[in-house]
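The residues making up each chain are set out below.
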Amino acid sequence: MTDVTGDAVTPSGPFAARDVLHTLFHSDQGGHEQVVLCQDRASGLKAVIALHDTALGPALGGTRFYPYASEADAVADAMNLARGMSYKNALAGLDHGGGKAVIIGDPAVLKSEALLLAYGRFVASLGGRYVTACDVGTYVADMDVVARECRWTTGRSPEHGGAGDSSVLTAYGVFQGMRASAQHLWGDPTLRGRKVGVAGVGKVGHHLVGHLLADGAEVVVTDVRPESVRRVTDRHPEVSVAADTDTLIRLEGLDIYAPCALGGALDDDTVPVLTAKVVCGAANNQLAHPGVEKDLADRGILYAPDYVVNAGGVIQVADELHGFDFDRCKAKASNIFDTTLSIFARAKADGIPPAAAADRIAEQRMAEARSGR
């Protein structure tokens, strides 16, 4: 699953690295069913596989390959991401629980066929409780290698029975979330004439730019990687470029801000200076800590929960398990528009921020599944 663009990642969420083992056994924040530490000395593999909840079915989530500062950071990130996948899969209407894996190290240095095969053996050892796919630092070609050792692998190439790059539908789903946000706030689902700032134009972000331009939006982009920006501006010369994210979020007249790179993009420093009226982007774990969703609401900024709008990719890889059909997947991803609107309506009815409303709906579906076991 391609949840973010492939730009730099900062572990974020409720699980701090310093107390990760303590958090693991606290159901109010953790509640994870299983966390597996994997090591293959011959290939240099060090990995963490976290399964948060399998009430709805086998855990489904991608494999992140990233040079974490410490093993504790890697465990914390895997747990945060796995929990997010439980909620994402629940609200996407999938019969899958939440899981995530991280491989520790710089993929440009450490990634090898032997390492990916070793990783595949560890995933296979879980007997189908975890289904893996792509994420930051891993690609379709990598999943083709992993699949040689593990049949519970999605995100493979069409040549190897897979659906290929899931970033296409991830971007499409975020676009649907933006349309729903526009409908809710301005009474019209079109983005025509709206200024949209996209932070991160890697795997997902550059597809999102295409959807926005086709709908008539004015687009401004930024990315820490100059080559990613050049790819967009070479194809779409009408796109403007901001020097950095700090500049982008302060732009006068910005209607929508789309974080499509870093986790924790919404924090105590960014929210007070954000000029946009809507936040809707592809990045995971955008809220740096509990309470940020209220800060956004207090400023009158509509937040489309990240795990709701970026579910297009996981919808695609889940479909791959049953014989991939792109049109069927796109139709399911189109439902993100209605799901997002229903969350805004629930938030208004309950007097709570949209992030809290989304959590309640997801938790209710998981609870009903557990009670029906």
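S.K.: Any chance you could explain the overall build of the protein chain here in plain terms?
M.R.: Counting secondary structure elements, the protein chain contains 15 helices and twelve strands. Over its C-alpha atoms the protein chain spans a radius of gyration of 19 Å, differing by no more than 12% from the 21 Å that the globule rule assigns to 373 residues. With respect to the three principal axes, the spread of C-alpha positions in the protein chain is 55 × 50 × 40 Å. The burial tally for the protein chain puts 57% of its 373 residues in the buried class. Put simply, 68% of the contacts in the protein chain that link residues at least 6 apart link residues at least 24 apart. In the protein chain, the 35 positive side-chain charges and the 46 negative ones have mean positions that sit 3 Å from each other.

S.K.: Sorry if this is basic, but what is going on with the nonpolar core here?
M.R.: Side chains of nonpolar character tend, in soluble globular proteins, to be buried together. Judged by nonpolar contacts, the single largest core of 35 residues is most densely connected at Leu 45, Ile 49, Ile 103, Tyr 119, Tyr 130 and Val 314. Contributions of two or more residues to this core are made by strand 1 (34-40), strand 2 (45-53), strand 3 (59-60), strand 5 (97-104), helix 4 (113-124), strand 6 (130-131), helix 5 (140-146) and helix 12 (312-320). If you tally residues by element for this core, the top one is helix 4, at six residues. In contact with Tyr 119, not counting residues within four places along its chain, are Leu 45, Ala 47, Ile 49, Thr 63, Ala 101, Ile 103, Tyr 130, Thr 132 and Val 146.

S.K.: What exactly am I supposed to notice about the sheet that holds strand 9 (residues 240-241) here?
M.R.: Picture the strands of a sheet paired through backbone hydrogen bonds; they go either parallel or antiparallel. Strand order in the open sheet formed by six strands is 9-8-7-10-11-12, and the pairing between neighbours is parallel. Among the strands making up the open sheet, the edge pair consists of strand 9 and strand 12 (302-303). One ladder, built from five bridges, connects strand 7 (residues 195-199) with strand 8 (residues 218-222); its direction is parallel. Note on strand 8: the bridge partner recorded for Val 196 is Val 219.

S.K.: Got a minute to help me understand the side chain of Asp 77 in this structure?
M.R.: Relative to the helices and strands, Asp 77 is located in helix 2 (residues 71-91). With relative accessibility at 1%, the residue Asp 77 sits in the buried group. Side-chain polar atoms of Asp 77 contact the side chain of Tyr 68, separated by 2.7 Å.

S.K.: Even after reading the chapter, I still don't get the pairing of strand 5, so can you show me in this structure?
M.R.: Here strand 5 lies mainly inside the structure; eight of its eight residues are buried. Burial of the side chains of strand 5 extends over both faces: Gly 97, Gly 99, Ala 101 and Ile 103 are buried on one face and Gly 98, Lys 100, Val 102 and Ile 104 on the other. In this structure, strand 3 lies alongside strand 5, joined through two bridges in parallel fashion. Among the inter-strand pairings, Leu 60 is bridged to a residue of strand 5, identified as Gly 98. In the sheet, strand 4 (residues 63-66) pairs with strand 5 via four bridges, with the strands oriented parallel.

S.K.: Explanation requested: the environment of Ala 92 in the structure shown.
M.R.: Relative to the elements of secondary structure, Ala 92 occurs in the loop between helix 2 and strand 5. A relative accessible area of 25% places Ala 92 in the partly exposed class. Taking the C-alpha atoms as reference points, Ala 92 and Asp 165, separated by 73 residues in sequence, lie 19 Å from one another. Among all residues touching Ala 92, those that are not within four sequence positions of it are Ala 311 and Ile 315.

S.K.: Looking at this structure, how should I read unusual backbone geometry?
M.R.: Glycine aside, the phi torsion of most residues is negative, and most peptide linkages are trans. Unlike most non-glycine residues, Asn 285 shows phi in positive territory, near 50°. Along the chain, Asn 285 falls in the loop between strand 11 (278-279) and helix 10 (292-298).

S.K.: Where do I start with the pattern of salt bridges in this structure?
M.R.: As a working rule, side chains carrying opposite charge can pair if their charged atoms are close by. If you walk through the whole model with that rule in mind, you get 18 salt bridges. A salt bridge links Arg 64 to Asp 135; its shortest N-O distance comes to 2.7 Å. Taken as a pair, Arg 64 in strand 4 and Asp 135 in the loop between strand 6 and helix 5 lie far apart in primary sequence, 71 residues in all. Note on accessibility: Arg 64 and Asp 135 belong to one class, buried. One salt bridge in this structure joins Asp 319 and Lys 332, with 3.8 Å as the shortest N-O distance. Residue Asp 319 is found in helix 12, and its partner Lys 332 is found in helix 13 (residues 326-334); the two are separated by 13 residues along the sequence. The class for Asp 319 is buried, based on a relative accessible area of 4%. Within this structure, Arg 64, Asp 77, Lys 100 and Asp 135 form a network of salt bridges that share partners.

S.K.: Would you mind going over the confidence of the model for the protein chain with me for this structure?
M.R.: Parts of the model with low pLDDT should not have their predicted coordinates read in detail. Predicted confidence across the protein chain gives a mean pLDDT of 92, with 93% of residues reaching 70 or more. Across residues 1-11, where pLDDT falls below 50, the model places 63 contacts with residues more than four positions away in sequence or in other chains.

S.K.: Help me understand the packing of helix 6 (residues 167-186) against helix 13 in this model?
M.R.: When two helices pack together, their arrangement is given by the angle between the helix axes and by the axis-to-axis distance. At a minimum axis separation of 9 Å, helix 6 and helix 13 run at an interaxial angle of 30°. Here helix 6 lies roughly parallel to helix 13, going by the angle between them. Considering how the two elements wind past one another, helix 6 and helix 13 form a crossing that is right-handed. Across the interface between the two elements, Val 168, Leu 169, Tyr 172, Gly 173 and Gln 176 from helix 6 touch Phe 326, Cys 329, Lys 330, Ala 333 and Ser 334 from helix 13.

S.K.: Honestly, helix 2 in this entry has me stumped. Any pointers?
M.R.: Helical geometry: 3.6 residues make up each α-helical turn, so side chains three or four residues apart lie on a common side. Here helix 2 spans 31 Å end to end across 21 residues, near enough to the 30 Å set by a 1.5 Å rise per residue. Downstream of helix 2 by one or two residues, Gly 93 has phi in the positive range, about 75°.

Criteria and thresholds
Residues numbered from 1 in each chain as written. Predicted model: local features only at pLDDT ≥ 70, side-chain atom pairs only at ≥ 80, totals over all residues. Heavy atoms only, no water. Helix = DSSP H or I, 4+ residues; strand = E, 2+ residues; numbered from the N terminus. Rg over C-alpha atoms; globule rule 2.2 N^0.38 Å. Buried < 20%, exposed > 50% of the residue type's maximum accessible area, 1.4 Å probe, protein only. Contact = heavy atoms within 4.5 Å. Lys, Arg positive; Asp, Glu negative; His and termini not counted. Charge placed at Lys NZ, Arg CZ, Asp CG, Glu CD. Core = buried A, V, L, I, M, F, W, Y, C linked by side-chain atoms within 4.5 Å. Pairing = 2+ DSSP bridges. Polar contact = N/O pair within 3.5 Å; in protein donor to acceptor, adjacent residues only side chain to side chain. Salt bridge = Lys/Arg side-chain N within 4 Å of Asp/Glu carboxyl O. pLDDT = per-residue confidence, 0-100. Axes fitted to C-alpha atoms, helices over the stretch in contact; angles between N-to-C directions. Parallel < 35°, antiparallel > 145°, perpendicular 65-115°, else oblique. Left-handed = near helix turned anticlockwise from the far one by under 90°. Expected span 1.5 Å × (residues − 1).

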